[in-house]
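# Chain and residue survey
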Amino acid sequence: MRHELYSFPRGDLPYLRADATGNSPSSPLVVLLHGARDRGRDPEKLLAHGLGRYVAHAAERPYHFLALQIPENAAWADWEDELLTLLDTVAAEPGVDSQRIVLAGFSAGSAAVWHFASRHPERFAALVVVAGQLPDSVEDRALAALARTPIWVFHGGRDERVPEAKIRDNIARIHALGLPVRFTFYPEADHFISDTAYNTPALQHWLATVPRRTSGTPRTSADDADPLFINRWSPRAFADEAIDDASLFRLLEAARWAPSAGNSQPWRFIHVRNGSPRWKEVTGLLSDNNRPWASKASALVLLLSRTTFIRPGTSEHSPAHKHSFDAGAAWAHVALQASLSGWHAHAITGYDTERARALFQVPEDYDLEILIALGRLGDGATLPPPLRERETPGPRRPLVELVAEDRFAFPHDAPDTVRAAVSQETGARTPA
Ligand SMILES: Cc1cc2nc3c(=O)[nH]c(=O)nc-3n(C[C@H](O)[C@H](O)[C@H](O)COP(=O)(O)O)c2cc1C
């Protein structure tokens, strides 16, 4: 751990700096924003607990570490220029991946994480918020810009500074905006959870494997749809993380509530987890385009739809004409719930349906719709080049091309030559 001083126009500030261990040519940079009681001019204070203590004692540290100390009585928001200047300097050092900078806070430092990240969303690849609240001054519009920034919040149920009700409000607000947040709650813990939180092996793994910031133009909505709809997208890079029962069944439960013709509920799901004995067989069904990336998902779910149903008041099966359409609604519920809970879902039509029917012994009166790849967002840089370039939420055609009033009027749906010109204009992606 190196103790350094950085000279700013307003004076020198002490900071701590440690290099990543291991031989990776480029590693993330994790930046600690300390709490109010650690202000001053003694950076040793920053090593007494939480991330600082973890970093100082860890035998291996697959990320670079930086911790600036602000003066006694100072507020983080007043030192924004200094923090960003130092960040730029350290991010330019060899071996530091400037696309993988994580802001990690404790207490007032966590509030500062929200403040800085919402003001500079393009700078940060992930955020860790420990025992700190989301400041009311951060507006929804600014927060929505963090739609592609994974966030992990830790909180204690007996935190006397930020009560449970406040943090639950924060989480509800973040969820409503569709941000990819993960929440770890310690019901019995008080405010001082920095050691527990930063010693969590899963968090340390998460910091080490944080994906590079997703580039691309952020999606915007001219007509104010909820960010939930705008922020859902279909990545191909998945992190190496198992999906637990609670997360998986939450997605399928959301699907259960989809609407369907005559409430026929034709959807059926067969899930196979990565690592299970069936995994090789199910990934063997995928087309050559889809297998390389979809094999890294946490689970694949086969969505079936029953082609017949028993209408209320009858005892015979009759055709369910809209079974596929209804199954599509169920897929959308899965994808949106995944987005809400910090997971991602990617629909796949490129697989061998006949072999899938045989593998899962699906009876004739069920159609095989799609496979759904589920996982946490991974590092897009690990994808092969053609996929890497496409690893970003794609645009959409403008509403004006899709809506007509009172009559059929879709001039953009002209023959192919015209359509090609239109999609060039709008930047619309060609379908997979
Ligand atoms: C029914 C369906 C089938 C799809 N099949 C594939 C597929 O086989 N391979 C693939 O890479 N993406 C597939 N996709 C993903 C689409 O290409 C993607 O949803 C679309 O480009 C819009 O991007 P977005 O989901 O990121 O907004 C499929 C999507 C749907 C809804």
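These numbers come from a predicted model, not from an experiment.

If you walk across this open sheet you meet the four strands as β9-β10-β14-β13, and the pairing is antiparallel. The two strands at the open ends of the sheet, each matched to only one other strand, are β9 (267-273) and β13 (344-348). Adjacent strand axes in the sheet meet at a mean angle of 25°, parallel and antiparallel pairs treated alike. Bridge analysis of strand β10 (residues 299-306) against strand β14 (residues 366-375) gives eight bridges, and the strand direction is antiparallel. Bridge assignment links V301 to a residue of β14, and that residue is I372. Against the sheet, helix α13 (residues 353-360) contacts β9, β10 and β14, and its axis sits at roughly 90° relative to β14.

Among the structural elements, S287 can be located in the loop between α10 (279-283) and α11 (291-294). With 84 residues separating them along the chain, S287 and L203 place their C-alpha atoms 34 Å apart. Discounting residues that sit within four places of it in the chain, S287 has contacts with G350 and Y351.

Take the nonpolar core next. V31, V102, L103, V113 and L127 are the most contacted members of the largest nonpolar core, which has 63 residues in total. Non-local contacts of V102, meaning those with residues more than four positions away in its chain, are made with P28, V30, V31, F124, A125, A126, L127, V128, L207 and V210. Grouped together as the second largest cluster of nonpolar side chains are 40 residues, L248, L251, A330 and L368 included.

Before going further, it helps to examine the domain arrangement of the protein. The domain boundaries assigned to the protein delineate domain 1 (2-208), domain 2 (232-394) and domain 3 (396-432). Put simply, the middle of domain 2 and the middle of domain 3, counted by C-alpha atoms, are 28 Å apart.

Within the secondary structure layout, W293 lies in helix α11. Those residues in contact with W293 that sit more than four places away from it in its chain are R236, L383 and L387.

This part takes up helix α2 (residues 80-91). Owing to its 3.6 residues per turn, the α-helix brings residues three or four apart onto one side. Spanning twelve residues, α2 covers 16 Å between terminal C-alpha atoms, matching the ideal 16 Å at 1.5 Å per step. Considered for burial, the residues of α2 that qualify are L83, L86, L87 and V90. With its buried residues spanning 105° around the axis, α2 presents them on a single face. Exposed positions of α2 whose direction lies more than 90 degrees from the buried face are D81, D88 and T89. In this fold, the buried residues of α2 make contact with β1 (2-8), β2 (11-18), β3 (27-33), β4 (64-68), β5 (96-106) and α3 (108-119).

Read across the open sheet, the eight strands follow the order β1-β2-β4-β3-β5-β6-β7-β8; overall the sheet is mixed. Looking along the sheet, the strands with just one partner apiece sit at the ends: β1 and β8 (181-186). Across this sheet, the average inter-strand angle for adjacent strands is 20°, counted without regard to direction. In this structure, strand β6 (residues 126-130) lies alongside strand β7 (residues 151-156), joined through four bridges in parallel fashion. Bridge pairing links V130 to F154 in β7. Across the sheet, α2 is in contact with β1, β2, β3, β4 and β5; its angle to β5 comes to roughly 140°.

Non-glycine residue S107 carries a positive phi angle of around 55°. Within the secondary structure, S107 is located in the loop between β5 and α3.

What counts and how
- Residues numbered from 1 in each chain as written.
- Predicted model: local features only at pLDDT ≥ 70, side-chain atom pairs only at ≥ 80, totals over all residues.
- Pairing = 2+ DSSP bridges.
- Helix = DSSP H or I, 4+ residues; strand = E, 2+ residues; numbered from the N terminus.
- Axes fitted to C-alpha atoms, helices over the stretch in contact; angles between N-to-C directions.
- Contact = placed C-beta atoms within 7 Å.
- Core = buried A, V, L, I, M, F, W, Y, C linked by C-beta atoms within 7 Å.
- Buried ≥ 20, exposed ≤ 12 C-beta atoms within 10 Å, placed from the backbone.
- Domains from an automatic or database assignment.
- Expected span 1.5 Å × (residues − 1).
- Arc of directions from axis to C-beta.

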